[in-house]
Each structure stands twice: as C-alpha cells, then as structure tokens.
Amino acid sequence: MTQALELAARRTLPDEGAVTRHDGAVFDLRRRRDLAAAEVPDWEALRERAAALKTHTLDHLDTYLERFEARATEAGAVVHWAEDAADLRRIATELLRAHKVERVAKSKSMLTEECGLNAHLESQGIHVVDTDLGERIVQLQGEPPSHIIVPAIHRSRAEIGALFHERMGTPRGETDPEKLTRAARRDLRSRFLSAQAGITGVNFAVAETGSIVVCTNEGNADLGMSIPRLHVACMGLEKLVPRMEDLPVFLRLLARSATGQPITAYTSVVTGPREGAELHIIVVDNGRSALLADPGHRSALGCIRCGACLNTCPVYRRAGGHAYEGPIPGPIGAVLAPALHPAGAALPHASSLCGSCTAVCPVRIDLHDQLLAWRRELPRPRGEALLGWLAALVLRSPSLYRLAGRLGRLSWPILGVRFPGNPAASWLRGRKLPRHPGASFASRWARRGQGTGP
Amino acid sequence: MEVGLFIPCYVEQLSPEVGLATARLLEVAGCTVHYDPQQTCCGQPFLNMGATASGAKLARRHLQLFERYETVVCPSGSCTATVRHRYPELGVGEEPAGRALRARTFELSEFLVNQLSRSHFGSEFPHRVALLQSCHGLRDLGLGSGSEQVHGRRSSPAEELLLAVRGLTFVPTARDECCGFGGTFAVKFPEVSARMGRARLREWAEAGAEYVTGTDVSCLLHLDGLRRKEGFGPEPIHLAELLATGDVA
Ligand code: SF4
C-alpha cells in the first residue's frame, strides 16, 4: 500500500522544478543556521544546557504549572485550562463573545493551527485576520501553513504575486518581495486598528514570574497585544521554563536555529495585562500529558518549534510540509503525530533515519531515535508483518537464504520489467534494478579458495 | 591480524565484488581473512522496520557466529553501526561478551585508517571522484562529521584513503545530505526517495564528478538505479573496489 505522505508529496510538489525550488528555499535557512551556530563558540554547551533545563522542567512540570498559574494570576492575568482542541475553541469563543468581539488580529501560533481555532471562530461569525505575513498568505490562499516558521515557504514569488494581485489589488505580475510586503502591511494596518481582540501564541512561559514570552520578526504580535483591550494567549502546557534567567539560553538558540538571526526582531515579555485591558492565558493539553506520562517519548515535549529539524530534513524538503497532513510537519511533526492524532501513526516511517535532525535540534531531542521507537511500538500492517516474519525465517537458515538468492537471480530478468504484482514495482518507480550480480559472494569466495581466483 | 569478514546480505547477493575487494585490501594490509558462509543478515532491516522479535533473533545469531574472531570487518557503515550501537535496542548484546564483540566490529575504512593507521595502499584511479558519506557511518560511527556539525568536526577515514589514491581528483560538494536510500524507506516512499537521490546526482554531475564512491553498497545501488534510469550523474563505485586498483589489483 502506498503511504499517504508519498502520495501527498507527488501532489504538493508536483514536479522536479517545484521540488528544487522548495528544497533551495528551505535549505537556505539551514545554511544560515550553520553560519550563526558557528559564531557561538559555546554552541554545543548551550544545547546541552537547554536540554538539561527542558528535562528538568518536564520532570517537574506539575510544580511549575501551578507556580506559573499562581504568579500569572497575581499579576492580573486569568489562566484557563483546556483539555483538548475543542476545549480551547470553546474557551476562546466564550471569551470573545463575552467581549462582543467581531474582529480578531491573530499572530502566528502553531497551537491554534493544531486546534483548528481559525475555522471555528469564522464559523461562529468572528472574523480572524492572520497578521504574520506568511500566515496571511496561506490564510488568503485558504490552506494550512507548510512550515512552522515560514508558513508559505512552499509558494513561489510568482504565486504570491498573483494572489496579492487578486486579493489586494497589487499590479499584475508584481513579484518584488519588498513591494508585496508593503502592500500586505498597508492592508494589515487597517485591520489591526479595527481589531477588538488579539490572539497570540506563546513561545515561552516563565513559572517564577507568571510571564509569557512572544517572539516574532514582524512585531505583529506586539500590535495585536497592545491595540485591542483583550489579549488571548494560547500555549501548550510544555512551554514553561523555571526562571527568568533561563530564558536567554533558549532565546540565543531559538532564532539562530530558526533563521540564523542572533535573536528574533521582537521578543516581548508580558507579565499581566496592561492598564485597562484583560489578559487571558489558555493552557492547552490536547494529548501532551499522555506524552509527558510516557518516559520513552517525553523528550519530544521539549521542542521550542525552531524549525531547524525541518530545514535540515531531506525528506521534508523533497515532500513539502503539506504532505505530512498534520499541524506540524517534518521530523518533530512525525515524532509528535502518533501521540497527537491517530492519522499520524504512519509518519514515523517517513524518514531515512539519516539523523541530521537530531544533530541540529537546539534542545537535543533524540528525534530519529524517537521515530525508531515509534516504529517498534506502533502496530505494523498485517501484510508487512507477515512478509517480515517470512524473510526472517529465511535469513535464519543459510540453506534457505542461498536458495532464495538463487531464485532471485533466476527471476532477475522478469523483476526488471513492469507487470502487475511485480514485487520490485516500488523500486522500479524511479530506478532501474541493479545490474545482474552474477554468482553470490559465497560461491565466488569458494572458487577463490580453490585458487581459481575471482 | 586474524579478521572475520562480515558480508552484509546485499553484498552477498547483489555486489559480491565488493566483498572480494574488501578481502583483497585486508590481505594487502597484512591480515588473514576468514569468511564463514553460515552468515546471512545482521538484522538491520528488521530493526529499522520496528520488527524487534525477528531482529533480535538475527542479531543473536550474528553475535554467535562472529564471537570467535579477534576482529570483525564489514564493508558497510550501516551494518557496522547496527551491530556496534543498535543491538541494545533489540535487547541483544549487552552481556560482556556481546559488548566486547560489538566493540571490535569495524567498518572497512575506519579499520584501515584508525585501527591499522594505514591510508596508502598504492591504489590508482585517475578520475574525478565525489564521496557519499552514508548517514549511519557519518553520525552513528563518527566517520567524519555531517555539515550541520559546525563545532568539533571529525576527519573522514574514507576521504583520507581517497586522497592517497594515485591520479584521483577529489570532488568536494557543498551538500552532504542523505541519498534517499534509507532501507525500507526507499520502497515505502519511492518518489521522495528518488527526489533525494536525483538531487545528489545532479550536484555531483554539476561538480564534474565521473564517479561517486562510498562505504555502503545499499546507497550506491539506489544511486546506480536512479542514474541508469535518468541517464545522468557519476557512476557509483564502492570504496573497496576503488581502492583495489593499481598495486592492489
Ligand atoms: S524538534 Fe528541535 S529542531 Fe525540531 S523544531 Fe523542535 S526544537 Fe527545533
């Protein structure tokens, strides 16, 4: 059976040109990350420190969550707990309704994507405008983000130009990124000013002070937080760091790993609401506590959503983010998928296990080992399990093994042609069969031993 | 030195010349080479599929067969990495004897360069050659460093061996990523796998490489299949075969 990601990849990046463009754009981020990491002599020590902090926080998450709630409440924020996606949608809708909100300015948040908040609010008659440029592009396009940092990276300049022409009246054929950005800014500015509430994600939450930290490059979250009277911040319950002094460790790693910048352009620490406004923080579980309770998979909750594992992943770059058909693509998406949504159970197989993700992850999540662990734990398709069992049986018997090899060599000419049911069909899709190998190593070795030479 | 030859299943069945070239090199390096035809497969495909029970049976069988050798050498990074680092995930090889055997199992290039301290064999290969550093060798065995590793980089034994080959022009490339083989990945995700491989072939072709060499037959067979289908890209040749030239031939 052909895997979902394989089929989706053939659709989302339909030809070699699209693949190459996407690969180049994404790999450019990886290259920038390399340069930025090289500038920091204690880079590896920093990763080590971040990993230790995350491990400690996750091991004591209940304590830190309680502390965070108490301190945030003291500071004047209201903390809500959402068990799942539906809960988040309900709480957010109730809050917005209570404030008679019709127009919301939203900055980038992978969590609200995961929970389907936008579509739900729209269905309730609340108009949402995504204010991050990339996020706005995919919103106008009517599709989900394909990357957690650069949501529209799968779109070419020409496509974005055409979209803006249609939706914002930019000149036909305009593809200059600067001009397009300016047009989007103008369009967004008026929407900011008329928004009655701001919804943001949360990059970090500091237990010691009850603060939330929001990082953006466009300052759009800051506008969303400071113009309207209502700020709703949505965070996964894993976002905590113990103390304010732990924050720089992550800030130094986050932007460098994501885009190669030393720090994101706007990093806002919000402690309580501003004068005359309300701050509501919705802490979302949605499968996370189950992951937390599983020591074998807990490490995945340490993710700071920098996107570095996506950028380095040769599978992600050649398949495109939409091929993962979930809120988070790439290696971390494939690691989280089996725990967060049932359709994700096949994703741990969508990897060549090259291990580059593990090598770049700023919090040192054992990503490719996690994929392998899921492969061991998740049930295997019956046909595959049977085939595997048979193969193992053959491989445990040298005589059967030799026989199978002989049969394989005999059927070589047939295996190379296309016919229905050819077991080599999948191999032959983009490749030819290896050349006929001639005799096996064992028989060549035996001849060599008799002095006839190979 | 007495060496047990560890011939992966795909070398046994699909690339016997690589096994013969490996034996030849080891003999030139002064080793006595033993080959036990009872060997089949180390269990790697089962480990990667998550088929722990089958993998464990093959792993135990492998350790039993090779126990008697002072040193085990294998012309494959991924099979060596499976034995050395991954057997514990199958619940195998953690007892003292198992640990000891796993620690004396080496990939060919690391054995020649790091264990025997030898990189000059008098090989001759007057061509422009690119190197594919297969992922498990690179990141599990540490046979070099992936390009994402910007601090504390390690040297690559394969590269060292190539630089000592007479007439060979080494063709470096900016990218060093996975060729797209990945075992069952190549058949479960054939188009994505092929896209990865074609990208590597294109980069090497643009750099003017006539051959691409590497430590893993599996990756090279995948690349060869792509190349013959597409009609471009350097010809794959396993490092052992490349080195079994000139004075070694
Ligand atoms: S898993 Fe690691 S590399 Fe990937 S997005 Fe999360 S923090 Fe970044």
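Reading guide: rules and limits
Positions within a chain are numbered from 1, following the residues in the order the chain's sequence is written. Throughout, the order in which chains and ligands are written sets their labels, letters from A for the former and numbers from 1 for the latter. Thresholds applied to this predicted model are a pLDDT of at least 70 for local features of residues and 80 or more for the giving and counting of side-chain atom pairs; totals over whole chains, interfaces and linings are not thresholded and use all residues. The basis for every side-chain value is the complete set of heavy atoms in the structure, and neither hydrogens nor water enter the calculation. Helix and strand assignments come from DSSP, with helices taken as H or I runs of at least 4 residues and strands as E runs of at least 2, each series counted from the N terminus. Buried residues are those whose accessible area, probed at 1.4 Å on protein chains only, stays under 20% of the maximum for their type, while exposed residues exceed 50% and partly exposed ones sit between those limits. In what follows, a contact means two residues having at least one pair of non-hydrogen atoms within 4.5 Å. In these tables, accessible area is a Shrake-Rupley quantity obtained with a 1.4 Å probe, and a residue counts as shielded only by the protein chains included in the view. In this tally, Lys and Arg are treated as positive and Asp and Glu as negative; His is ignored, and so are the chain termini. Think of each charge as sitting on NZ of Lys, CZ of Arg, CG of Asp or CD of Glu. Here the globule rule is a power law, 2.2 Å times the number of residues to the power 0.38, and the radius of gyration is based on C-alpha atoms. Should a side-chain nitrogen of Lys or Arg be within 4 Å of a carboxyl oxygen of Asp or Glu, the pair is scored as a salt bridge. Any N or O atom pair separated by 3.5 Å or less is treated as a polar contact, with the protein-specific requirement of one donor-capable and one acceptor-capable atom, and with residues adjacent in sequence counted only for side-chain atom pairs. Joining two parts hides part of their accessible area as seen by a 1.4 Å probe, and the buried area is that hidden amount summed over both. The residue classification treats Ala, Val, Leu, Ile, Met, Phe, Trp, Tyr, Cys and Pro as nonpolar and Asp, Glu, Lys and Arg as charged. All others, Gly included, are polar. Here a strand pair is declared whenever DSSP counts at least two bridges between the two strands. Residue ranges for the domains trace back to a domain assignment, done automatically or taken from a database. Aromatic rings from Phe, Tyr and Trp, with only the six-membered ring used for Trp, were paired whenever their centres fell within 6.5 Å, and each pair was classed as stacked if the ring planes differed by under 30 degrees, edge-to-face if by over 60, and tilted otherwise. Geometrically, a charge over a ring is one whose NZ (Lys) or CZ (Arg) sits within 6 Å of the ring centre while staying within 35 degrees of the ring normal. Axes here mean lines fitted to C-alpha atoms, for a helix over just the part in contact, with angles spanning 0 to 180 degrees between N-to-C directions.

A.B. asks: Hey, could you run me through the overall build of chain A in this one?
C.D. replies: Looking only at helices and strands, chain A features 23 helices and 10 strands. Its C-alpha atoms give chain A principal-axis dimensions of roughly 90 × 55 × 45 Å. Relative to its 454 residues, chain A shows a buried fraction of 55%. For chain A, the proportion of contacts with a sequence separation of at least 24, taken over those separated by at least 6, is 72%. Entry remark: accessible area of chain A is about 19,100 Å², with carbon and sulfur atoms responsible for 56%. Between the averaged position of the 58 positive side-chain charges in chain A and that of its 48 negative side-chain charges there is a distance of 10 Å.

A.B. asks: Just to check I follow, could you spell out the overall build of chain B for this structure?
C.D. replies: On a plain count of helices and strands, chain B comes out with 13 helices and eight strands. Its C-alpha atoms give chain B a radius of gyration of 17 Å, within 12% of the compact-globule value 18 Å for 249 residues. Overall size of chain B, expressed as C-alpha extent along the three principal axes, is 50 × 40 × 40 Å. Scored against the burial criterion, the 249 residues of chain B give a buried share of 67%.

A.B. asks: Help me out: how do you make sense of the pattern of salt bridges in this one?
C.D. replies: Pairing is possible between side chains that carry opposite charge, provided their charged atoms lie close to one another. All names here are of chain A. Overall, the coordinates contain 54 salt bridges over all chains when judged by the stated rule. Ionic pairing is found between aspartate 34 and arginine 33, a salt bridge with its closest N-O pair at 2.8 Å. We classify aspartate 34 as buried; its relative accessible area is 12%. Its relative accessible area of 1% is what places arginine 33 among the buried residues. In this structure, glutamate 238 and arginine 288 form a salt bridge, with 2.9 Å as the shortest nitrogen-oxygen distance.

A.B. asks: What am I meant to see in the side chain of Arg30(A) here?
C.D. replies: Within the fold, Arg30(A) resides in helix H2 (residues 16–38). Since its relative accessible area comes to 4%, Arg30(A) is described here as buried. Polar side-chain contacts of Arg30(A) include one of 2.8 Å to the side chain of Thr312(A). The contact partners of Arg30(A), leaving out residues within four places of it in the chain, are Asn311(A), Thr312(A), Ser356(A), Ser147(B) and Glu148(B).

A.B. asks: Would you mind showing me how to read the interface of chain A and chain B here?
C.D. replies: Quoted interface sizes are often the accessible area lost when the parts come together. Listed per partner, the contact involves 76 residues of chain A and 72 residues of chain B. By the criterion of area lost to chain B, the three top residues of chain A are Tyr401(A), Arg431(A) and Phe441(A), representing 12% of everything that side buries. Linking chain A with chain B are 12 salt bridges, by the criterion used here. Sort the elements by how many residues they give to the side of chain A that touches chain B and H2(A) lands first, with 11 residues. Counted by class, the side of chain A that touches chain B contains 37 nonpolar, 14 polar and 25 charged residues.

A.B. asks: Mind showing me how you'd approach the pairing of strand E7 (residues 230–236) of chain A here?
C.D. replies: Along any regular strand the residues' side chains alternate between the sheet's two faces. Residue and element names in this part refer to chain A. Here E7 lies mainly inside the structure; seven of its seven residues are buried. Alternating positions in E7 separate into two faces, Leu230, Val232, Cys234 and Gly236 on one and His231, Ala233 and Met235 on the other, with burial throughout. In this structure, strand E4 (residues 197–200) lies alongside E7, joined through four bridges in parallel fashion. Bridge pairing in E7 places glycine 198 opposite histidine 231. By the bridge criterion, seven bridges tie E7 to strand E10 (residues 278–284) in an arrangement that is parallel. Across the sheet, methionine 235 pairs through a bridge with valine 283, a residue of E10.

A.B. asks: Sorry, what's going on with the domain arrangement of chain A here?
C.D. replies: Here the domain parsing of chain A yields domain 1 (40–286) and domain 2 (382–450). Using C-alpha coordinates to define each centre, domain 1 of chain A is positioned 53 Å away from domain 2 of chain A.

A.B. asks: Could you clarify how one ought to interpret the packing of aromatic side chains in this entry?
C.D. replies: In this description, a pair of aromatic rings is defined by centroid distance and the angle of the planes. Following the criterion strictly, the structure yields 11 aromatic pairs over all chains and no others. Look at Phe66(B) and Tyr69(B): their rings are 5.7 Å apart centre to centre, the planes differ by 55°, and that puts the pair in the tilted class. In this structure, Phe66(B) and Tyr69(B) share a single accessibility class: buried. Members of the aromatic cluster, joined through ring pairs, are Phe441(A), Trp445(A) and Tyr35(B). Lys54(A) extends its terminal NZ or CZ atom over the ring of Phe250(A), reaching a point 5.5 Å from the ring centre. Of note, Arg431(A) hangs over the ring of Trp427(A), and the distance from its end group to the ring centre comes to 4.3 Å.

A.B. asks: Is there a simple way to think about the sheet that holds strand E5 (residues 128–132) of chain B in this case?
C.D. replies: Strand pairing in a sheet relies on backbone hydrogen bonds, with the paired strands running either antiparallel or parallel. Residue and element names in this part refer to chain B. Across the sheet, which stays open at both edges, the four strands sit in the order E6-E5-E7-E8 with parallel pairing between neighbours. Looking along the sheet, the strands with just one partner apiece sit at the ends: strand E6 (169–170) and strand E8 (235–238). Relative to E6, E5 runs parallel, the two sharing two bridges. Each residue of the ladder has a partner; that of valine 129, found in E6, is phenylalanine 170.

A.B. asks: What should I look at first to understand the sheet that holds strand E3 (residues 71–74) of chain B in this one?
C.D. replies: Residues and elements named next belong to chain B. Read across the open sheet, the four strands follow the order E2-E1-E3-E4; overall the sheet is parallel. Pairing within the sheet leaves two strands with one partner each, and these edge strands are strand E2 (32–34) and strand E4 (105–107). Direction aside, neighbouring strands of the sheet carry axes that sit 35° apart on average. Examined bridge by bridge, strand E1 (residues 2–5) and E2 share three bridges and lie parallel to one another. By the bridge assignment, valine 3 is partnered in E2 with valine 33.

A.B. asks: It is not clear to me how unusual backbone geometry should be interpreted in this structure. Could you clarify?
C.D. replies: Leave glycine aside and you will find that most residues have negative phi; peptide bonds, for their part, are mostly trans. Residues and elements named next belong to chain A. A positive phi angle, close to 55°, is found at arginine 305, a residue other than glycine. Relative to the helices and strands, arginine 305 resides in the loop between helix H13 (288–292) and helix H14 (308–312). Residue arginine 305 is classed as buried on the basis of its relative accessible area of 12%. Within the chain, glutamate 325 stands out as a residue other than glycine whose phi angle is a positive 50°. Following the sequence through the fold, glutamate 325 ends up in the loop between helix H15 (314–319) and helix H16 (330–340). Look at glutamate 325 and you get partly exposed, because its relative accessible area is 47%.

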